[in-house]
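One-letter residues, chain by chain:
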Amino acid sequence: EAGVAQSPRYKIIEKRQSVAFWCNPISGHATLYWYQQILGQGPKLLIQFQNNGVVDDSQLPKDRFSAERLKGVDSTLKIQPAKLEDSAVYLCASSLTVGGGAFFGPGTRLTVL
Amino acid sequence: AQSVTQLDSHVSVSEGTPVLLRCNYSSSYSPSLFWYVQHPNKGLQLLLKYTSAATLVKGINGFEAEFKKSETSFHLTKPSAHMSDAAEYFCVVSYSGGGADGLTFGKGTHLIIQP
């Protein structure tokens, strides 16, 4: 069974530029999450989708971050414009059922200069 | 509101000795609890989960954890440490409310295995 796929694996941008990350969850998983993991910290939930609807985006900085999952399968997370403090690993995860635990992708390491 | 506290930022043990990683949780609801492991430059891997069935949960690689409601704890143990266990371990709590179950991570415990 294929795992959660993410691309790109690494991205370096200048502050104020825009960037987008892509995630393809495990086939059949209705729940998709985006997490931000700053170096030395635990991952922090940014947004959770159930199929193509948002169920939790309370910690998403909506002035610069946006995410979509239009067809209820793959998802895109965008940052526009990026700030230095956005440097982190962005993790995508998916789950078959709510409350069943999640499977994580390898992450995208973003460096903002 | 829910939160999780990992009581040790670093734990160092000798190979072949027992491992204990401590975790306390706070949740207004009956929680689901998980332990994840993150090896250097690798993705997060689910070790085990508790979802209101048996209080002693067995996971992969010989790890297990015991849910103690009276102590609000979910400590991770392994009888005998192996060099390959060196990694970052995260205790995670979630609850299902309104379809959202956003996993709340602890700050992590770095496990060091001495030869």
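Reference entry: report on the structure contained in this document. (Residues numbered from 1 in each chain as written. Chains lettered and ligands numbered in written order. Predicted model: local features only at pLDDT ≥ 70, side-chain atom pairs only at ≥ 80, totals over all residues. Heavy atoms only, no water.)

1. Notes on the pattern of salt bridges
All names here are of chain B.
- For the structure on display, the rule yields five salt bridges over all chains.
- Between Lys58 and Glu64 there is a salt bridge whose closest N-O contact spans 2.8 Å.
- Here Lys78 and Asp85 are joined by a salt bridge, their closest N and O atoms 2.8 Å apart. (Salt bridge = Lys/Arg side-chain N within 4 Å of Asp/Glu carboxyl O.)

2. What to know about the side chain of Asp56 of chain A
- Checked against the element boundaries, Asp56 of chain A lands in strand 6 (residues 53-56).
- Within polar-contact distance, the side chain of Asp56 of chain A engages the side chain of Ser58 of chain A at 2.8 Å. (Helix = DSSP H or I, 4+ residues; strand = E, 2+ residues; numbered from the N terminus. Polar contact = N/O pair within 3.5 Å; in protein donor to acceptor, adjacent residues only side chain to side chain.)

3. A word on the environment of Glu88 of chain B
All names here are of chain B.
- Along the chain, Glu88 falls in strand 10 (residues 87-94).
- As for Glu88 and Thr104, which are separated by 16 residues in sequence, their C-alpha atoms are 16 Å apart.
- Setting aside chain neighbours within four positions, we find Glu88 in contact with Tyr36, Val37, Gln38, Lys107, Gly108, Thr109 and His110.
- Among the polar contacts made by the side chain of Glu88, one reaches the side chain of His110 at a distance of 3.2 Å. (Contact = heavy atoms within 4.5 Å.)

4. Looking at the nonpolar core
- In this structure, Trp35, Leu48, Leu76 and Tyr89 of chain B are the most contacted members of the largest nonpolar core, which totals 26 residues.
- Tallying contributions element by element places strand 10 of chain B first for this core, with four residues.
- Among residues more than four places away in sequence, those in contact with Leu48 of chain B are Leu33, Phe34, Trp35, Val57, Lys58, Gly59, Phe63, Glu64, Ala65, Phe74 and Leu76 of chain B.
- Grouped together as the second largest cluster of nonpolar side chains are 21 residues, Ile13, Trp34, Ile47 and Leu110 of chain A included. (Core = buried A, V, L, I, M, F, W, Y, C linked by side-chain atoms within 4.5 Å. Buried < 20%, exposed > 50% of the residue type's maximum accessible area, 1.4 Å probe, protein only.)

5. A short note on the packing of aromatic side chains
Residue and element names in this part refer to chain A.
- The tally for this structure, following the rule as stated, stands at 14 aromatic pairs over all chains.
- Between Tyr33 and Tyr35, the aromatic rings sit 6.0 Å apart at their centres with planes inclined by 40°, giving tilted as the arrangement. Side by side, Tyr33 and Tyr35 carry an identical accessibility label, which is buried.
- With a centroid separation of 6.4 Å and an interplanar angle of 40°, the aromatic rings of Phe65 and Tyr90 are classed as tilted. (Phe/Tyr/Trp six-rings, centres within 6.5 Å; stacked < 30°, edge-to-face > 60°.)

6. Some words on the sheet that holds strand 7 (residues 65-68) of chain A
All names here are of chain A.
- Here we have four strands laid out as an open sheet, ordered 1-3-8-7, and antiparallel in their pairing. Only two strands of the sheet have a single partner each, and these edge strands are strand 1 (5-7) and strand 7. Going across the sheet, the axis of each strand differs from the next one's by a mean of 15°, ignoring polarity.
- When strand 7 meets strand 8 (residues 75-79), the two strands line up antiparallel, connected through four bridges. Bridge pairing in strand 8 places Ser66 opposite Lys78. (Pairing = 2+ DSSP bridges. Axes fitted to C-alpha atoms, helices over the stretch in contact; angles between N-to-C directions.)

Bear in mind that shape data such as this cannot, by itself, settle questions of function.
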